[in-house]
Amino acid sequence: MNQITKNDIEILQKTTLFLNMSEAEIREMLDCLNARKTTSPKNTMLLHYGDFCDSIGIVLHGTLHITREDFWGNSTLIAQCVPGDIFGETYAMSPNHIFEVNVTAITDSDILFLQLGKILSVCSTACTFHNRLIQNLLQAMASRNYLLSKKIEHITKRSTRDKLLSYLSNESRLAKSADFTIPLNRQQLADYLAVDRSAMSAELCRLRDEGILSFHKNEFHLYDVY
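Since we're looking at a predicted model, the values are computed, not measured.

What to know about the pattern of salt bridges
What the rule picks out here adds up to nine salt bridges. Between Lys150 and Glu153 there is a salt bridge, and its shortest N-O distance comes to 3.1 Å. Placement of both Lys150 and Glu153 in helix 5 (residues 130-155) is noted, with a separation of three residues, approximately one turn of the helix. Assessed through its relative accessible area of 36%, Glu153 is described here as partly exposed. In this structure, Glu203 and Arg161 form a salt bridge, with 3.2 Å as the shortest nitrogen-oxygen distance.

A look at the pairing of strand 10 (residues 213-216)
Both strand 10 and strand 11 (residues 219-222) contribute to a ladder of four bridges, which runs antiparallel. Residue pairing across strands places Leu213 opposite Leu222, the latter belonging to strand 11. Hairpin connection from strand 10 to strand 11: two residues lie between these consecutive antiparallel strands, with Lys217 at a positive phi of about 55 degrees.

Quick notes on the sheet that holds strand 1 (residues 36-40)
The strand order across the open sheet built from four strands is 1-8-3-6, with neighbouring strands paired in antiparallel fashion. The outermost strands of the open sheet, each flanked by one partner alone, are strand 1 and strand 6 (86-87). The pairing of strand 3 (residues 55-61) with strand 6 spans two bridges and is antiparallel. Residue pairing for strand 6: Gly57 is matched across the bridge by Phe87. Contacting strand 1, strand 3 and strand 8 (109-115), helix 1 (residues 6-13) crosses the sheet at an angle of about 115 degrees to strand 3.

Structural notes on the nonpolar core
Grouped together as the largest cluster of nonpolar side chains are 26 residues, with contacts concentrated most on Leu12, Leu17, Phe18, Leu30, Ile56 and Leu114. Residue contributions to this core peak at four residues, all from helix 5. Once you skip the residues sitting within four places of it in the chain, Leu12 turns out to touch Phe18, Ile26, Leu30, Ile58, Leu60 and Leu112. Leu168, Leu193, Met200 and Leu222 belong to the second largest nonpolar core, which has 19 residues in total.

Cut-offs used in this document
Residues numbered from 1 in each chain as written. Predicted model: local features only at pLDDT ≥ 70, side-chain atom pairs only at ≥ 80, totals over all residues. Heavy atoms only, no water. Salt bridge = Lys/Arg side-chain N within 4 Å of Asp/Glu carboxyl O. Helix = DSSP H or I, 4+ residues; strand = E, 2+ residues; numbered from the N terminus. Buried < 20%, exposed > 50% of the residue type's maximum accessible area, 1.4 Å probe, protein only. Pairing = 2+ DSSP bridges. Contact = heavy atoms within 4.5 Å. Axes fitted to C-alpha atoms, helices over the stretch in contact; angles between N-to-C directions. Core = buried A, V, L, I, M, F, W, Y, C linked by side-chain atoms within 4.5 Å.

So this is what it looks like as structure tokens:
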């Protein structure tokens, strides 16, 4: 296993899973959980459709994309994972279910894998913070379900225009400002909203021309026109 650095620990302390744990507690837990740190070069696929997975992953460095492909190879972006984000927990909780998505490193990335069974079973040393870890995992899964519900809210809108406005409105609220930056480029945004990129770009220009928003690359400003 690659060495767990102090910077890695600082990333883990910001995750829901290890919230309010000291460096010493985290290092003890990593030993208990058979933690495995791996490095994935850019454009490497970590997990494929059809894989079985008994571990959850935490991004320590880099960016991952979780995508789903249909029969014809058309890809839909399910989620983007950045340092501190957790992935794979749903499939690890259902060991008889194959992976129905692909997980790809979009940049050079470091990933920490933890065996879910080791998390759910109290260790032989009965460390006092293991129960807290289980509670944190449940909270992390609840947060992931919330994010997925927000995506469903966006993509079930009838038109590309409504999908864009739903997504951008939510990003503005998260930033608590009419000025905000989204974490996706144009193709990634089109994949996330399950729309055609050209049609989406044309709709963005129409919204700009109507004075509803302005943008430069992934920076947006919404105008209060209603």
